[in-house]
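This is what each chain is made of:
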Amino acid sequence: MQNGGSSAATCWIQLIGSAPALTAPDGTVATGGLIQQILPINSFDVLRSSGTGSLTSGYAVVDCSSPIVAYTVYSTYSPNDDGTSRLSSETAVNSSASANVVQLIDDAREDGRLALAIVNDQLFPSLVRLQVFDLYGRQMASVQFAVPPKTSLSAI
């Protein structure tokens with residue numbers, strides 16, 4: 001989370017679904033589904049999980065007293081022959097506001113792949129229609145599905 005504003009920001013982070021222990025740069029460990037962070041003017045904070053254990057899913061709701069920039073970075077590491085590890089892939093997921101229509105461009109160069117995550121933070125199911133178009137605007141596929149309340153769905 002980054003605060004580039006002219007006043008400090010008090011932020012509450014609510015983890016829905018998976019709630020791993022998160023470590024701040026000062027060594028403070030935050031556990032549980034609700035975490036408070038205070039971001040001074042022109043500062044940033046990084047909350048890091050241990051990255052161990054099985055893969056889980058969920059999402060976070062960030063509510064701050066003033067505007068901030070929030071995103072999540074997912075990294076995977078591969079072992080080297082000498083016992084160390086190296087970064088093998090990484091992606092960033094930006095925070096987003098609710099929307100009725102979203103357009104994404106899939107950059108498939110060099111075997112790139114598009115992954116989607118859809119969150120329903122409401123108390124009732126949401127109906128989603130996903131349409132895929134080619135470069136010329138021709139519809140290639142269309143699917144409709146329900147996202148249960150307070151859950152997230154992801155796919156590659």
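The structure under discussion appears in the preceding block.
Residues numbered from 1 in each chain as written. Predicted model: local features only at pLDDT ≥ 70, side-chain atom pairs only at ≥ 80, totals over all residues. Heavy atoms only, no water.

A.B. asks: Before we go on, may I ask you to explain the overall build of the chain in this structure?
C.D. replies: If you tally the helices and strands in the chain, you get zero helices and 13 strands. Reading the helices (α) and strands (β) of the chain from amino to carboxyl end gives β-β-β-β-β-β-β-β-β-β-β-β-β. Along the three orthogonal principal directions, the C-alpha set of the chain runs to about 50 × 45 × 30 Å. Long-range pairs, those at least 24 residues apart, make up 54% of the contacts in the chain with a sequence separation of at least 6. Put simply, the chain shows about 12000 Å² of open surface, and 54% of that area lies on carbon and sulfur atoms. Distance from the positive charge centre (7 side chains) to the negative charge centre (12 side chains) of the chain: 8 Å. (Helix = DSSP H or I, 4+ residues; strand = E, 2+ residues; numbered from the N terminus. Contact = heavy atoms within 4.5 Å. Areas by Shrake-Rupley, 256 points an atom, 1.4 Å probe, with all protein chains shown as cover. Lys, Arg positive; Asp, Glu negative; His and termini not counted. Charge placed at Lys NZ, Arg CZ, Asp CG, Glu CD.)

A.B. asks: Please explain the pattern of salt bridges as it appears in this structure.
C.D. replies: Scanning the entire structure with this criterion turns up two salt bridges. Across the salt bridge formed by lysine 150 and aspartate 121, the nearest N and O atoms sit 3.1 Å from each other. Highlighted residues: lysine 150 in the loop between β12 (139–147) and β13 (151–155) and aspartate 121 in the loop between β10 (116–120) and β11 (126–133), separated in sequence by 29 residues. The closest approach of N and O atoms between arginine 138 and aspartate 134, which form a salt bridge, is 2.6 Å. (Salt bridge = Lys/Arg side-chain N within 4 Å of Asp/Glu carboxyl O.)

A.B. asks: How do you make sense of the side chain of serine 43 when you look at a structure like this?
C.D. replies: Tracing the backbone through its elements, the reader meets serine 43 in strand β6 (residues 43–44). In terms of polar contacts, serine 43 uses its side chain to reach the backbone carbonyl oxygen of proline 40, at 2.6 Å. (Polar contact = N/O pair within 3.5 Å; in protein donor to acceptor, adjacent residues only side chain to side chain.)

A.B. asks: Even after reading the chapter, I still don't get the sheet that holds strand β2 (residues 9–17), so can you show me in this structure?
C.D. replies: Two orientations exist for strands paired in a sheet by backbone hydrogen bonds: parallel and antiparallel. Strand order in the open sheet formed by three strands is β5-β2-β7, with antiparallel pairing between adjacent strands. For this open sheet the edge positions go to β5 (34–39) and β7 (58–64), each flanked by a neighbour on one side alone. For this sheet, the mean angle separating the axes of adjacent strands, direction not counted, is 25°. Relative to β5, β2 runs antiparallel, the two being bridged by six bridges. Bridge assignment links tryptophan 12 to a residue of β5, and that residue is glutamine 36. (Pairing = 2+ DSSP bridges. Axes fitted to C-alpha atoms, helices over the stretch in contact; angles between N-to-C directions.)

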